[in-house]
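As a plain string of letters, each chain reads:
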Amino acid sequence: MHEMSVAEGILKIAFDVMNKNNCSTIRSIGLKVGEMSGVELESLTMAFTVLTRGTPADGAQLKINRVPITAVCNQCHKTFRVDRYNFFCPECDGVLILQSGRELLVEFVDVD
């Protein structure tokens, strides 16, 4: 379950923010998670809950912004949302170039 190591990385970032700002509590962490990131959100949330017990992040909320898979056609240059990992243009059958959907990043850390 790689979500445990992802949760550890998120917490490291959050604790760094907390320490740099001389705070004592983490209230929430905002994440941007792409549909193709390979992260199972339920497992990530469970791992986060387990790792935060007894820490300054105990009870903190993960606020997850799910990013859809979008791509632009290399021929007609139209942008589309990708469904079922079909990377061919529905308009001209050109190859779609990925624009979003692989993100996995911390957008914000709310600390006190």
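Look up: the structure comes first, before these words.
As a starting point, this report considers the structure included with it. Chains are numbered independently. Their residues run from 1 in the order of the written sequence. Per-residue local features are limited, in this predicted model, to residues with pLDDT of at least 70; the limit for side-chain atom pairs, both in listing and counting, is 80 or more; totals at the level of whole chains, interfaces and linings are taken over all residues. Heavy atoms from the whole structure form the basis of all side-chain values; hydrogens and water molecules are not counted.

**Observations concerning unusual backbone geometry**
Step number 1: Its identity is not glycine, yet histidine 77 carries a phi of approximately 65°, on the positive side.
Step number 2: Counting from the N terminus, the helices are DSSP H or I runs at least four residues long and the strands are E runs at least two residues long. On the secondary structure map, histidine 77 appears in the loop between β3 (70–73) and β4 (79–81).
Step number 3: Under the scheme applied here, a residue whose accessible area is under 20% of the maximum for its type counts as buried, over 50% as exposed, and between as partly exposed, the area being computed with a 1.4 Å probe on protein chains only. Exposure remark for histidine 77: the relative accessible area of 58% places this residue in the exposed category.
Step number 4: Phi at tyrosine 85 is positive, roughly 55°, even though this residue is not glycine.
Step number 5: Its location among the elements puts tyrosine 85 in the loop between β4 and β5 (96–100).

**Observations concerning helix α2 (residues 41–52)**
Step number 1: Expected helix span is given by 1.5 Å per residue-to-residue step, counting one fewer step than there are residues. In this model, α2 (12 residues) spans 16 Å end to end at C-alpha, consistent with the 16 Å of a helix rising 1.5 Å per residue.
Step number 2: For α2, every residue scored as buried is listed here: Ser43, Leu44, Ala47, Phe48 and Thr52. Angular distribution of buried residues about the axis of α2 spans 155°; they occupy a single face of the element.
Step number 3: What makes two residues a contact is simply this: any of their non-hydrogen atoms within 4.5 Å. As for α2, its buried residues are in contact with α1 (3–20), β1 (26–34) and β2 (61–67). Each direction from the helix axis to a C-beta atom contributes to the arc, which is the arc of those directions.

**Considerations on the nonpolar core**
Step number 1: Of all hydrophobic cores here, the largest spans 19 residues; its most connected members are Ile10, Ile26, Ile29, Leu31, Leu44, Phe48 and Leu62.
Step number 2: Among the secondary structure elements, those contributing two or more residues to this core are α1, β1, α2 and β6 (104–111).
Step number 3: Looking at this core, the element that brings in the most residues is α1, giving six residues.
Step number 4: Filtering out sequence-adjacent residues up to four positions away, isoleucine 29 remains in contact with Ile10, Leu11, Ala14, Phe48, Gln61, Leu62, Lys63, Val106 and Phe108.
Step number 5: Here the nonpolar core consists of buried residues drawn from Ala, Val, Leu, Ile, Met, Phe, Trp, Tyr and Cys, with membership extended through side-chain atoms lying within 4.5 Å. Among the nonpolar cores identified, the runner-up in size contains seven residues, and Ala71, Phe80, Val82 and Cys89 belong to it.

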